[in-house]
Amino acid sequence: MSVTRTRYAPSPTGDPHVGNVRSALFAWLFARSTGGVFAVRIEDTDQERRIPGSEERILNSLRWLGIEWDEGPDIGGPYGPYVQSQRLEGYGEAAERLVELDAAYYCYCTTERLDAIRAAQQKRNVPTGYDRRCRNLSAEEREQEEAENGSHRVVRFKTPLSGRTTFNDVIRGDVSWENRLIDDFVILKSDRFPTYHLANVVDDVAMAITHVIRGDEWMSSAPRHAMIYEAFGYTPPAFAHLPLILGSDRTKLSKRHGSVSLLDYRDEGFLPEAMLNFLALLGWSLDDKTTQMTREELIAGFSLDRVSASPAMFDREKLEWLNGVYIREMPPEAFVEAARLYLDNGLPPEIPRPLDDGLARQAAMLTQDRARLLSEMPELCEFFFTDEISFPPALIWAGMGDKAMKRMADAGDDLWRVPLPEDAEVVRAWLTAAANAIEKIEPWNHESIETRFRALVEELGTSGRKLFGAVRIAATGRTAAPPLFVTLEAIGRDRSAARTRAAAASLLDTELARS
RNA sequence: GGCGCGUUCGUCUAGUGGCCAAGGACACCGCCCUCUCAAGGCGGAGAUCACGGGUUCGAAUCCCGUACGCGCUACCA
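Per chain, residue numbering runs from 1 following the sequence as it is written. Starting at A for chains and at 1 for ligands, labels are handed out in the order in which the entities are written. Selection of residues for local features in this predicted model requires a pLDDT of at least 70, selection of side-chain atom pairs for listing and counting requires 80 or more, and totals for whole chains, interfaces and linings are taken over all residues. Only hydrogens and water are set aside; all other atoms, that is, all heavy atoms of the structure, feed into the side-chain values.

Caption draft 1: Highlighting the protein's contact with RNA strand B. Whether a residue is near a molecule or strand is decided by its heavy atoms; if any one of them lies within 4 Å of it, the residue is near. Around RNA strand B, the surrounding shell holds 66 residues, and the nearest of these are Ser11, Arg370, Arg472, Thr479 and Ala481. In the model, a sugar or linking oxygen of RNA strand B is placed 2.5 Å from a nitrogen or oxygen of the serine 11 side chain. Between RNA strand B and glycine 283 there is a distance of 2.8 Å, counted from a phosphate oxygen to a backbone nitrogen or oxygen. Helix and strand definitions here come from DSSP, where helices need a minimum of 4 consecutive H or I residues and strands a minimum of 2 consecutive E residues; each element is numbered from the N-terminal end. Taken together, the elements giving at least two residues each to the surface near RNA strand B come down to helix H4 (111-123), strand S4 (154-157), strand S6 (173-178), strand S11 (312-313), helix H11 (316-329), helix H19 (464-476) and helix H20 (484-491). The element best represented in the surface near RNA strand B is H11, accounting for 4 residues. Of the residues contributing to the surface near RNA strand B, the split by class is 27 nonpolar, 15 polar and 24 charged. Here a polar contact is recorded for every N or O atom pair within 3.5 Å, except that within protein the pair must consist of a potential hydrogen donor and a potential acceptor, and residues adjacent in sequence are included only if both atoms are side-chain atoms. In the scheme used here, Gly and all other residues not listed as nonpolar or charged are polar, with Ala, Val, Leu, Ile, Met, Phe, Trp, Tyr, Cys and Pro taken as nonpolar and Asp, Glu, Lys and Arg as charged.

Caption draft 2: Just empty space enclosed by the protein, in detail. We place a 1 Å grid over just the protein atoms. Points where a 1.4 Å probe fits but has no way out form a cavity, open points with protein on both sides within 12 Å along at least 5 of 7 lines form a pocket, and any residue with an atom within 4 Å of a point lines it. Grid points are joined across faces, edges and corners, and a volume is the space filled by probe spheres set on the points. Applying the stated rule across the entire model yields 1 cavity of 30 Å³ or more. Around the largest cavity, the lining residues are Phe278, Leu281, Thr291, Lys318, Trp321 and Leu322. With 3 residues, H11 is the largest single contributor of residues to the lining of the largest cavity. Counted by class, the lining of the largest cavity contains 4 nonpolar, 1 polar and 1 charged residues.

Caption draft 3: Highlighting the environment of tyrosine 91. Within the secondary structure, tyrosine 91 sits in helix H3 (residues 88-100). Burial classes: relative accessible area under 20% of the type maximum marks a residue as buried, over 50% as exposed, and values in between as partly exposed (1.4 Å probe, protein chains only). The class of tyrosine 91 is buried, set by a relative accessible area of 1%. Contacts are assigned to residue pairs with any non-hydrogen atoms lying within 4.5 Å of each other. Setting aside residues up to four positions removed in sequence, tyrosine 91 forms contacts with Gln84, Leu188, Pro194, Leu198, Ala199, Val202 and Asp203. One polar contact links tyrosine 91 to aspartate 203, side chain to side chain, over a distance of 2.5 Å.

Caption draft 4: Expanded view of the packing of aromatic side chains. Side-chain rings of Phe, Tyr and Trp, where Trp is taken by its six-membered ring, are said to pair if the distance between their centres is within 6.5 Å; with planes under 30 degrees apart they count as stacked, over 60 as edge-to-face, and otherwise as tilted. Across all of its chains, the model carries 14 aromatic pairs by this definition. Between phenylalanine 167 and phenylalanine 239, the ring centres sit 5.5 Å apart and the planes meet at 70°, which makes this aromatic pair edge-to-face. In this pair, phenylalanine 167 is assigned in strand S5 (residues 164-169) and phenylalanine 239 in strand S9 (residues 238-242), connecting sequence segments 72 residues apart. Phenylalanine 167 gets classed as buried once you look at its relative accessible area, which sits at 5%. Ring geometry for tyrosine 265 versus phenylalanine 314: centroids 5.7 Å apart, planes at 55°, classification tilted. Placement of tyrosine 265 in helix H8 (residues 262-268) and of phenylalanine 314 in the loop between S11 and H11 is noted, with a sequence separation of 49 residues between them. Taking relative accessible area as the criterion, tyrosine 265 reaches 3% and is therefore assigned buried. Given a relative accessible area of 11%, phenylalanine 314 falls into the buried group.

Caption draft 5: Just the pattern of salt bridges, in detail. Every case where a carboxyl oxygen of Asp or Glu lies within 4 Å of a side-chain nitrogen of Lys or Arg is listed as a salt bridge. One pass over the full model with this rule turns up 42 salt bridges. Taking the shortest distance from any N to any O, the salt bridge between glutamate 425 and arginine 428 comes out at 2.2 Å. In this pair, glutamate 425 and arginine 428 both sit in helix H17 (residues 424-440), 3 residues apart, roughly one turn of the helix. Using a relative accessible area of 38% as the deciding quantity, one classes glutamate 425 as partly exposed. One continuous salt-bridge network, built from bridges that share partners, spans Arg7, Arg41, Glu43, Arg87, Asp203 and Asp204.

Caption draft 6: Spatial organisation of the layout of surface pockets. The calculated volume of the largest pocket comes to roughly 1200 Å³. Together, 44 residues line the largest pocket, and Ser11, Thr13, Asn20, Arg49 and Trp218 are the ones closest to its centre. Elements supplying a minimum of two residues to the lining of the largest pocket: strand S1 (5-8), helix H1 (18-33), helix H6 (196-206) and strand S8 (211-215). Ranked by the residues each element gives to the lining of the largest pocket, the list is headed by H1, at 4 residues. Here the residues of the lining of the largest pocket are counted per class, giving 14 nonpolar, 15 polar and 15 charged. The space that makes up the second largest pocket amounts to roughly 520 Å³. Considering the residues around the second largest pocket, the lining is formed by 19 residues, among which Thr111, Leu114, Arg118, Arg156 and Val186 are closest to the centre. Among the secondary structure elements, those contributing two or more residues to the lining of the second largest pocket are H4 and S4.

Caption draft 7: Structural context of the pairing of strand S2 (residues 37-40). Going residue by residue along S2, you find Val37 and Ala39 tucked away on one face and Phe38 and Val40 tucked away on the opposite face as well. Both S1 and S2 contribute to a ladder of 4 bridges, which runs parallel. By the bridge assignment, arginine 7 is partnered in S2 with alanine 39. When the strands point away from the viewer and the path from the first strand over the helix to the second turns clockwise, the crossover is right-handed. Considered for its hand, the β-α-β crossover made up of S1, H1 and S2 is right-handed. Two strands make a pair as long as DSSP finds a minimum of two bridges between them.

Caption draft 8: The nonpolar core, seen in detail. Only buried Ala, Val, Leu, Ile, Met, Phe, Trp, Tyr and Cys residues count toward a nonpolar core, and they belong to the same one when joined by side-chain atoms within 4.5 Å. Formed by 118 residues in total, the largest nonpolar core has its most connected members in Leu279, Phe314, Phe384, Phe385, Ile396, Leu431 and Phe453. Each residue touching isoleucine 396, except ones within four places of it in the same chain, is listed here: Phe391, Val427, Leu431, Ala470, Ile473, Ala503 and Leu507. In terms of nonpolar packing, the next biggest core, distinct from the first, is built from 40 residues, Tyr106, Cys109, Val154 and Ile182 among them.

Caption draft 9: Spotlight on the pairing of S8. Of all 5 residues that make up S8, 5 are buried, and the element is covered over most of its length. Alignment of S8 against S9, held across 5 bridges, turns out to be parallel. Bridge pairing in S9 links valine 212 to phenylalanine 239. Crossover handedness for the path S8 to helix H7 (residues 222-232) to S9: right-handed.

Caption draft 10: Region of the structure containing the sheet that holds S4. If you trace the 3 strands from one edge of the open sheet to the other, you get S3-S4-S7, paired in antiparallel fashion. At either margin of the open sheet sits one strand with a lone partner, and together these are strand S3 (104-107) and strand S7 (186-188). Averaged over neighbouring strand pairs, the angle between their axes works out to 45° when direction is ignored. Examined bridge by bridge, S3 and S4 share 4 bridges and lie antiparallel to one another. Pairing of tyrosine 105 across the sheet is with arginine 156, part of S4. Here an angle of 0 to 180 degrees is reported between the N-to-C directions of two axes, which are lines fitted to C-alpha atoms, with helices fitted over the stretch in contact.

Now the structure itself:
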C-alpha cells in the first residue's frame, strides 16, 4: 500500500479552536503512526470572513503542541502552494470541467431570489434548497441570462435526482443518503472563488490525500464530496469523521463555553505536553487504563479504529489535573524557568524587577507540586517577594487550627472585624519567643530552624501544630503554604524575624484597640 | 420541519456474545501520612449498560422499533 497522507485544512477565520486542533492532532497522529505524511493547507476561500493574523496563530498553536507538518504554507512541498487563494485557476478549471462533463451548470439566480425561495420553503415547512431553476434553462434562456447576469453567475453541482450516495466512514461504517434530498449546491461562487466542497475535493486529489480526518460537523457534507469525486472519476479517499467536542451544556464547543482558543490555554499556563495528552484522550483511548502518554507513546499507540463515535465533553477539571501531573514531573530547573515568566508578569508591580534569581528559584521549587497551572504561580509565591505582608490578626487562629476561625476564613468573612480570642496574649508571647529564636538560629537553614522550633514547642509547652501554624501565618499571611522551615529559610532570617515580630505586635495593637 | 449520527458511573472511557451482579481515570466523600496546603497511599459512594421488542443456551455487546440528544440544512468553513 502506498504511503498515507493526511492533512489539516483550517480556515483563517479566527483563533485556533480546540475542536479543530484536536482534528489536526488526530490527522497528525494517524500520519505519524503509519509512517505517512501530514500536510497543512490553508482554506481561505471565504474572503469576507478572513481574519488577518489568524493563519499565523493557527500555525503557532500547532507548533506549540509539537505537531509538526511535512508540507504546508510556510515550508511548501511537492504539491504546493498550500494556500487555496493561491490555487484559484485550478478550481475554475475544475468547475469548467464539471460543466463540460454535464455534472454542473451555471446559475444566474440572485441572492434575493434565493433568499425568497428559502423563506417560502421555511414557511411551508418543507426542506430548504435550491429549486434548480437554472438547471433546465433552454439554450436561448441561457444566452439571455448570460448576457444580462453573466457577471454574477455561480456554478452549481448537478446532483443526481434519484438514487443514493454511500460512502464508508472509518469510524462509522457505511453512511448513505438519498440523492433527492441533496440540492444543487454551489461549487464556484460569483467572485470566482470555490466553495469548500469543490476546493476541498480538488485539493485533496491534487495533494494525494489518502485519509480525510475531520470533525463530525462535516458528515452531512460528505455525500456531496463523494459525488464530486465520482463526477470526476476519482476514487475518494477514506473518510474519518471525528466525534464532536462538547461544552458543559452538551452542545458543540464554542466561544460561549469560555476559552476555546488553544492560545488562551497556552497563556493560562497549560503545558503543551498535557494539552496534547488531554486532547488525544477526547474521543480516543489506548486501552482500559492508560491516561498519561508522551507524544511518542501516542504515536506508537494511535489507531483510527479506537476512535469513539460518540461526542465528548471538554472537561477542564481533568485537563487541570493532568496539567498538574505534568508540572510535577518537570525537572526542577525546567519548571523554574517556565515559572519565571509567569512570576515576572504576574507578581505585583511594586515588587522590584528583575526578580531576585535565588528567591525566584526557591519559590518556584517549593510550589512546583502545588500548582496545577503556571498562571497560579504569582498567587502561590507572592509572599516570598513582598516586603510587607498584611493579614487580619485573627487569621493566626485559623492557622493554628481553630475550627470556627478557619471556617470564617474559608467562607471569606472579614476577619478584621472578628474579635481576638482570649488567649491572644499567650499567642503574642509565642510569636515574640519565635522571633527571638529566629534571630539567633545558626546556621540559617531549614534543618537548624526545625531543630530550634521543635525545642521551642517544648519550652512553650504548646504543640507544633499551633506554634508552626501561628508562625506560618506570620511569615506568609496564608493558611496554605509550603512546609514552614524551608519557607522560612527561603524568606531569610531578617524577614522571617521581622514578620513574626510584626505579627506579635499586631496582637498587641488589637488588644489596645479593643480596650 | 427534513436528513444524518450518537446514547456504559456527574465527566472521559474500557468492553466487538459467555472472563461483566460492568474495569480504569477526573471530580466527590472518608481514613492514613502530616507543621498548613498539596502530593502520595488506602478505602467508599457512584452506571438496573436510554427504553421496548426480538435473535441466542447466553447480549452492554447482534437485529428492529421508540425516545432523547447533537450535528447539518448558506454564493461559511
